[in-house]
Amino acid sequence: MDTENNTNTGAMRDLKSLSKGELIKLMEELGQPAFRVKQVEDWIWNKNASSFDDMTNLPKSLRTELAGKLTLGGVEEVARQVSEDGSRKYLLRLPDGATVECVGMPSGKKLAVCVSSQAGCAMGCAFCATGGAGFTRSLTASEIYDQVMHVRDDFNTRVTSVVFMGQGEPFMNYDNTLAALRKLNDPEQGGIGARHLTVSTCGVIPMIRRFSHEPEQFTLAVSLHSAVQKTRNILMPGVKKYSLLNLYTVMGEYVDRTGRRPTYEYALIGGVNDTRDEMDALCDFCRDTLAHVNLIQLNEVPGSKLKPSTQRKAEDFLNALARVGVEATIRNSRGADIDAACGQLKQRLS
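This is a predicted model, so every value here is computed, not measured.

1. Digging into the overall build of the chain
Then, in step 1: When its secondary structure is counted, the chain shows 11 helices and 14 strands.
Then, in step 2: For the chain, with 350 residues in total, the buried portion stands at 54%.
Then, in step 3: Carbon together with sulfur atoms contributes 50% to the accessible area of the chain, which is approximately 15,500 Å² in total.

Here it is as structure tokens:
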């Protein structure tokens, strides 16, 4: 399956959508030496060239020929906001006019990037702003990759980790998500270690199973948010057909096959999933598994009736999980003051 077919209806393909074999063939057809392939790849995957004219070590005649046959894709920055904690949120426009958001989160000498896998989201999670904006389309692998490069260039520093926790459900765009992961992991492209590349899913069971068979050691996070079926159905209607029992089973299979520790994301919502019964259910769900639990104070979304739980409740959950031998942390959200934290991405200009 070609994961990089251009979603636009124009006649010219995006250069970044060409496979290695297609690029080699193109250079041969244009009468170019083999080393041109490496030069072109360096411009599009490492130097993030925005036009063919940028490719200064290519003959001008070749640049002209390429511009006549192909487009160069890329992203255009529409808006950029800077948080008090140093995080930066970007609203980016794609060539067909669709827009997505991504976030850069610096920490000392490290730079993490949160990318979107889709423009909008169809999952409809009650606590997430993205779904309210509707679903436009899935992104190509290069459109996901370009978000990382845009953040890298803006910070002028190497990206050390990437999380697929922005807009969209990555496993509803599985092939492009996996292709983007491999581009980001490739030493000649993103050069980021597999264990520093994390995919977050709402719990699309068939794709979790498929992901467990991939050879790379990419990291998996599952948005759980409740271990009580009725509560989870209300909070996450998009995965209602995937029961918690089946999710528990497939996550056991994932651990057995990969040996890797998955993470459960749990946003604490006042009066909804922070009760004693919910705490007990979470402890039962995670007990005797390899999973780590990330407890998150719900990030408020304008217009939503859902409110964050208290710090005391978060600590109660942390202690309860510890008593049954489950590793957990209370995660500090980054960029909440600019609506850049988990669940807040809504493509607002200000």
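2. Details of the environment of arginine 13
Then, in step 1: The residue arginine 13 is located in strand β1 (residues 13-14) in this model.
Then, in step 2: Here glutamate 22 takes part through its side chain, which lies 3.1 Å from a polar atom of the side chain of arginine 13.

3. Here we look at the pattern of salt bridges
Then, in step 1: What the rule picks out here adds up to 22 salt bridges.
Then, in step 2: In this structure, aspartate 42 and lysine 47 form a salt bridge, with 3.3 Å as the shortest nitrogen-oxygen distance.
Then, in step 3: Look at aspartate 42 and you get partly exposed, because its relative accessible area is 23%.
Then, in step 4: Looking at lysine 47, the relative accessible area reads 41%, which means it is partly exposed.
Then, in step 5: A cluster of three or more residues bridged by salt bridges with shared partners is formed by Arg80, Arg88 and Asp154.

4. Notes on the sheet that holds strand β13 (residues 292-297)
Then, in step 1: The mixed open sheet is built from 10 strands, whose spatial order is β3-β4-β5-β6-β9-β10-β11-β12-β13-β14. In this open sheet, the two strands that pair with only one neighbour each are β3 (76-82) and β14 (327-331). Geometrically, the sheet is characterised by an average inter-axis angle of 20° between neighbouring strands, direction not taken into account.
Then, in step 2: Looking at chain direction, strand β6 (residues 110-114) and strand β9 (residues 161-164) are connected through 3 bridges and run parallel. Among the inter-strand pairings, valine 113 is bridged to a residue of β9, identified as valine 162.

5. With respect to the side chain of glutamine 32
Then, in step 1: Tracing the backbone through its elements, the reader meets glutamine 32 in the loop between α1 (20-29) and α2 (35-46).
Then, in step 2: Contact partners of glutamine 32, with chain neighbours within four places excluded, come to Met27 and Leu62.

6. Brief notes about the packing of helix α10 (residues 276-286) against helix α11 (residues 311-323)
Describing two packed helices takes the angle between their axes plus the distance from one axis to the other.
Then, in step 1: α11 packs onto α10 with a crossing angle of 35° between their chain directions and a minimal axis gap of 10 Å. As α10 runs across α11, the sense of the crossing is right-handed. Across the interface between the two elements, Glu278, Met279, Leu282 and Cys283 from α10 touch Asp316, Phe317, Ala320 and Leu321 from α11.

7. A closer look at the pairing of strand β11 (residues 219-223)
Then, in step 1: Burial runs high along β11: 5 of the 5 residues are buried.
Then, in step 2: Bridge analysis of strand β10 (residues 197-201) against β11 gives 4 bridges, and the strand direction is parallel. Across the sheet, residue valine 199 finds its bridge partner in β11, namely leucine 220.
Then, in step 3: Note on the crossover from β10 through helix α7 (residues 205-211) to β11: the handedness is right-handed.

8. A few points about the confidence of the model for the chain
Then, in step 1: For the chain, the average pLDDT comes to 89, and 89% of its residues sit at 70 or higher.
Then, in step 2: In the model, residues 5-9 has pLDDT below 50 throughout and makes 9 contacts with residues more than four positions away in sequence or in other chains.
Then, in step 3: Contacts of residues 340-345 to residues separated by more than four positions or lying in other chains number 31 contacts, the stretch itself having pLDDT below 50.

9. What about the environment of lysine 241?
Then, in step 1: In this fold, lysine 241 is placed in the loop between α8 (229-235) and α9 (244-258).
Then, in step 2: On a C-alpha basis, the gap between lysine 241 and isoleucine 205 in space is 9.7 Å, while along the polypeptide they are 36 residues apart.

Cut-offs applied
- Residues numbered from 1 in each chain as written.
- Predicted model: local features only at pLDDT ≥ 70, side-chain atom pairs only at ≥ 80, totals over all residues.
- Heavy atoms only, no water.
- Helix = DSSP H or I, 4+ residues; strand = E, 2+ residues; numbered from the N terminus.
- Buried < 20%, exposed > 50% of the residue type's maximum accessible area, 1.4 Å probe, protein only.
- Areas by Shrake-Rupley, 256 points an atom, 1.4 Å probe, with all protein chains shown as cover.
- Polar contact = N/O pair within 3.5 Å; in protein donor to acceptor, adjacent residues only side chain to side chain.
- Salt bridge = Lys/Arg side-chain N within 4 Å of Asp/Glu carboxyl O.
- Pairing = 2+ DSSP bridges.
- Axes fitted to C-alpha atoms, helices over the stretch in contact; angles between N-to-C directions.
- Contact = heavy atoms within 4.5 Å.
- Left-handed = near helix turned anticlockwise from the far one by under 90°.
- Right-handed = clockwise from strand over helix to strand, strands pointing away.
- pLDDT = per-residue confidence, 0-100.

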